[in-house]
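Listed below, chain by chain, are the residues.
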Amino acid sequence: QLKGYDMGLDMHLRGKRHVYFVDEALREKLDEVGKLLNCKITEIAFEAGYWRKANAIHQWFVDNVQNGDDNCGAYPVSQRDLVALRSLCAELLANKDPKAASENLPPQEGFFFGSTEIDEDYWHDLQHTVEQITALEKRPDFGDLDFEYQSSW
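Keep in mind the model is a prediction, meaning the values are calculated, not measured. Numbers given to residues run from 1 along each chain, matching the order in which its sequence is written. A pLDDT threshold of at least 70 governs which residues receive local features in this predicted model, and a stricter bar of 80 or more applies before side-chain atom pairs are shown or counted, although totals over entire chains, interfaces and linings include all residues. Excluding hydrogens and water, the side-chain figures rest on all heavy atoms present in the structure.

Quick look at the overall build of the chain
The criterion, for reference: Runs of H or I in DSSP of at least four residues are treated as helices and runs of E of at least two as strands, each being numbered from the N terminus. Exposure categories follow from relative accessible area, calculated using a 1.4 Å probe and restricted to protein chains: below 20% of the type maximum is buried, above 50% is exposed, and the middle band is partly exposed. We call two residues contacting when some pair of their heavy atoms lies within 4.5 Å. The charge count includes Lys and Arg as positive and Asp and Glu as negative, but it does not include His or the ends of the chains. Throughout, a charge is located at the NZ atom of Lys, the CZ atom of Arg, the CG atom of Asp or the CD atom of Glu.
Along the chain, the regular secondary structure elements total five helices and four strands. In the chain, the order of α-helices and β-strands from amino to carboxyl end is β-α-β-α-β-α-α-α-β. Taking the principal axes of its C-alpha atoms as reference, the chain extends roughly 55 × 40 × 25 Å. Per-residue burial over the chain gives 36% buried out of 153 residues. Partitioning the intrachain contacts of the chain with sequence separation of at least 6 by distance along the chain shows that 78% fall at a separation of at least 24. For the chain, the separation between the mean place of its 16 positive charges and that of its 28 negative charges on side chains is 6 Å.

Pasting the structure below:
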């Protein structure tokens, strides 16, 4: 382990918005930046969500987005996928039933993936997931965004 570096599961949800979905004033600013960088900016990418060692959430992405292939690759995630994950987390949080959690969104063991207990940290991960996806859904451009999930450890 590197000094000062805590190895573990890092999980990134990136959002992308194509430039043709922005208004004329923003398009002009992006053209100016493109000239400074000597390139044409065609999309804007941003961090849409981040989790750390939320292994149950990671396993959901592996099973539902990555076709079971847990390989640290980048995978497209639809708005429908995000809404389904948020709904599942919200449903489990409503009752905080460990049996329902272990059946529907079980923790996953892995290389520095963190705890596999259904405890307060587990419920916090679900709440964090609901909050992040809800914030995305409230964006007026939610329907115009593309998403991808990628993990590393």
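So, the pairing of strand β4 (residues 145-152)
For clarity, the cut-off: Only strands that DSSP links by at least two bridges are regarded as paired with each other.
Every second residue of β4 is oriented toward a common face, the buried set being L145, F147, Y149 and S151 and the non-buried set D146, E148, Q150 and S152. Direction of pairing for strand β1 (residues 10-18) relative to β4: antiparallel, over a ladder of eight bridges. Looking at the pairing, D10 lines up with S152 of β4. In the sheet, strand β3 (residues 75-77) pairs with β4 via three bridges, with the strands oriented antiparallel. What sits directly across from V77, in β4, is F147.

Concerning helix α5 (residues 120-137)
Test applied: To estimate how far a helix should reach, multiply one less than its number of residues by 1.5 Å. Under this definition, polar contacts are N or O atom pairs within 3.5 Å; protein pairs additionally need one hydrogen-donor-capable and one acceptor-capable atom, and for neighbouring residues in sequence, both atoms have to be side-chain atoms.
Counted at 1.5 Å a residue, the expected span for α5 with its 18 residues is 26 Å, and the 26 Å between its end C-alpha atoms agrees. Considered for burial, the residues of α5 that qualify are Y122, W123, D125, L126, T129, V130, Q132, I133 and L136. Those residues of α5 that are buried lie in contact with β1, β2 (43-52), α2 (55-64), α3 (79-95), α4 (98-104) and β4. In this structure D119 caps α5, since a side-chain oxygen of it lies 3.2 Å from the backbone nitrogen of D121.

With respect to the sheet that holds β3
Put simply, the rule is: The axes are straight lines fitted to the C-alpha atoms, using for helices just the contacting stretch, and the angles between their N-to-C directions are given from 0 to 180°.
Here four strands make up an open sheet; going across it, the order is β2-β1-β4-β3 and the pairing antiparallel. The sheet terminates laterally at β2 and β3, the two strands that pair on one side only. With direction set aside, neighbouring strand axes in the sheet form an average angle of 30°. Packing against the sheet, α2 makes contact with β1, β2, β3 and β4, and its axis sits at approximately 120° to β4. Against the sheet, α5 contacts β1, β2 and β4, and its axis sits at roughly 160° relative to β2.

Focus: the packing of α3 against α5
Note the cut-off: When an angle is under 35 degrees it counts as roughly parallel; over 145 it counts as roughly antiparallel; between 65 and 115 it counts as roughly perpendicular; any other value is oblique. Definitions for this section: a left-handed crossing has its near helix turned counterclockwise from the far helix by less than a right angle. A right-handed crossing has that turn clockwise.
Viewed as axis vectors pointing N to C, α3 and α5 meet at an angle of 140°, and their least axial separation amounts to 9 Å. With respect to α5, the element α3 is oriented oblique. Read as a crossing pair, α3 and α5 show a hand that is left-handed. Where α3 approaches α5, its residues L82, V83, L85, R86, C89, A90, L92 and L93 are matched on the opposing element by Y122, W123, L126, Q127, T129, V130, I133, T134, L136 and E137.

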